[in-house]
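Summary of structural features
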Amino acid sequence: MAVQRTLVLLKPDAVQRGLVGTILARFEQKGLKLVALKLRQIPASTFEKHYEPHKERPFFAGLVKYMSSSPVVALCLEGVDAIEVVRGMMGATNSRKAAPGTIRGDLGMSFSNNLVHGSDSAESATRELAIFFGDKSELCEWSPVTTPWVYNVAEELS
Ligand code: UDP
Ligand code: MG
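Everything in this summary refers to the structure shown in the same document.

Strand order in the open sheet formed by four strands is β2-β3-β1-β4, with antiparallel pairing between adjacent strands. The open sheet has two edge strands with one neighbour each: β2 (33–40) and β4 (116–118). Within the sheet, the average angular offset between the axes of one strand and its neighbour, ignoring direction, is 20 degrees. Taken strand by strand, helix α5 (residues 82–90) contacts β1 (3–10), β3 (72–80) and β4, and its axis lies near 35 degrees from that of β1.

As structure tokens, then:
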């Protein structure tokens with residue numbers, strides 16, 4: 001158990017389809033702490049960096065084009081095991097196969113336009129947060145009053 005930060009992107013289809021509030025509400029209601037949030041039109045060059053591990057894959061060019069075609073919402077979320085928790089909430093990459101109850105499983109029908117990105121490891125989270133939130137002043141250091149009710153502090157946070 002460790003407190004982690006993870007990068008989440010609400011992809012262009014989530015913004016265009018008016019699902020920002022719905023998806024954000026799921027993360028808030030889960031108990032994840034919002035550390036940063038911004039709506040931005042982001043250039044292709046940034047997504048080339050972000051998706052660099054996929055650069056040899058056949059879908060890379062299309063993916064970069066889709067991600068930079070319209071604004072995205074970038075979030076930094078924090079919580080105990082936040083990386084795995086967020087990945088579980090997202091569901092499988094192919095929205096048609098993603099389990100009901102997950103974001104992709106409940107809200108999407110596409111493999112490529114799958115609504116949400118979440119870092120897949122601690123190393124990815126560090127790398128991706130540096131790309132989207134390199135300016136540390138955008139990260140809010142605050143203590144939600146709900147924390148002692150979301151967690152058993154003695155068992156899970158000390
Ligand atoms: N993607 C795609 N076709 C594929 C695999 C992936 O269009 O065959 C897109 C999809 O938007 C996915 C992103 O590329 O979310 C990154 O792929 P990854 O395997 O990292 O999936 P994720 O971690 O987002 O579930
Ligand atoms: Mg991935």
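With respect to the helices and strands, the residue Asn113 is situated in the loop between α6 (103–107) and β4. Leave out the neighbours within four places in its chain, and Asn113 touches Asp13, Tyr66 and Ser95. Among the polar contacts listed, one links the side chain of Asn113 to the side chain of Ser112, at a separation of 3.5 Å.

Conventions used here
- Residues numbered from 1 in each chain as written.
- Chains lettered and ligands numbered in written order.
- Predicted model: local features only at pLDDT ≥ 70, side-chain atom pairs only at ≥ 80, totals over all residues.
- Heavy atoms only, no water.
- Pairing = 2+ DSSP bridges.
- Helix = DSSP H or I, 4+ residues; strand = E, 2+ residues; numbered from the N terminus.
- Axes fitted to C-alpha atoms, helices over the stretch in contact; angles between N-to-C directions.
- Contact = heavy atoms within 4.5 Å.
- Polar contact = N/O pair within 3.5 Å; in protein donor to acceptor, adjacent residues only side chain to side chain.

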